[in-house]
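Tertiary structure, described
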Amino acid sequence: ENLFYRMNDDGSSDYAFFNYSEEDIHLDISLQRLGLSADNQYLAKELWTGEEIPVQKQFKITIPAKDVALLNFYVSN
């Protein structure tokens, strides 16, 4: 997968996970890998749908073929 991220002035972080392949990809991603503290609980807001997903330590995501997932992470505790 390809990943783009941006740190925002409000303390949140935006991440774009790109899937250029012909197949769906299933990712199991740790907060540490994203540069976020595993000591915090986050909400990840899917920016296309507005769905909020509680995240602590790691999360799973499926990215459809030739698509992108856009998430905004912010501390919820």
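Whatever comes next refers back to the structure up there.
Summary of the structure given here. What you see is a predicted model; the values in this text were computed from it and never measured.

Description of the nonpolar core
Of all hydrophobic cores here, the largest spans 17 residues; its most connected members are Phe17, Leu34, Phe59, Ile61 and Phe73. Those elements giving two or more residues to this core turn out to be strand S2 (13–19), strand S3 (25–30), strand S4 (42–46), strand S6 (58–63) and strand S7 (67–75).

Notes on the environment of Glu51
Among the structural elements, Glu51 can be located in the loop between S4 and strand S5 (52–55). Residue Glu51 is classed as partly exposed on the basis of its relative accessible area, which comes to 48%. Spatially, the C-alpha atoms of Glu51 and Asp28 are 18 Å apart, while their sequence positions differ by 23 residues. Dropping the residues within four chain positions of it, Glu51 is found in contact with Ala44, Lys45 and Glu46.

Structural notes on the sheet that holds S4
Strand order in the open sheet formed by five strands is S1-S2-S7-S4-S5, and the pairing between neighbours is antiparallel. Unpaired on one side and paired on the other, strand S1 (2–7) and S5 mark the two borders of the sheet. Strand-to-strand twist in this sheet, taken as the mean axis angle between neighbours without regard to direction, amounts to 25 degrees. The sheet contact formed by S2 and S7 spans seven bridges and is antiparallel. Bridged to Asn19 within S7 is Asp67.

Rules of the game
- The written sequence of each chain sets the order in which its residues are numbered from 1.
- The model is predicted, so local features are restricted to residues of pLDDT at least 70 and side-chain atom pairs to those at 80 or more, both for listing and for counting; the totals for chains, interfaces and linings are taken over all residues.
- Side-chain numbers here rest on the full set of heavy atoms in the structure, without hydrogens or water.
- As used here, the term nonpolar core means buried Ala, Val, Leu, Ile, Met, Phe, Trp, Tyr and Cys residues forming a set that is joined through side-chain atoms within 4.5 Å.
- Between buried and exposed lies partly exposed: a residue is buried under 20% and exposed over 50% of the maximum accessible area for its type, with that area taken using a 1.4 Å probe on protein chains only.
- Runs of E in the DSSP output that reach at least two residues are strands. Runs of H or I that reach at least four are helices, and both are numbered from the N terminus.
- Contacts between residues were defined by any pair of non-hydrogen atoms, one from each residue, lying within 4.5 Å.
- Think of it this way: DSSP has to see at least two bridges between two strands before they count as a pair.
- Angular values range over 0 to 180 degrees, each being the angle between N-to-C directions of two axes fitted as lines to C-alpha atoms, with helices fitted over their stretch in contact.

Any link to function would need more than the numbers given here.
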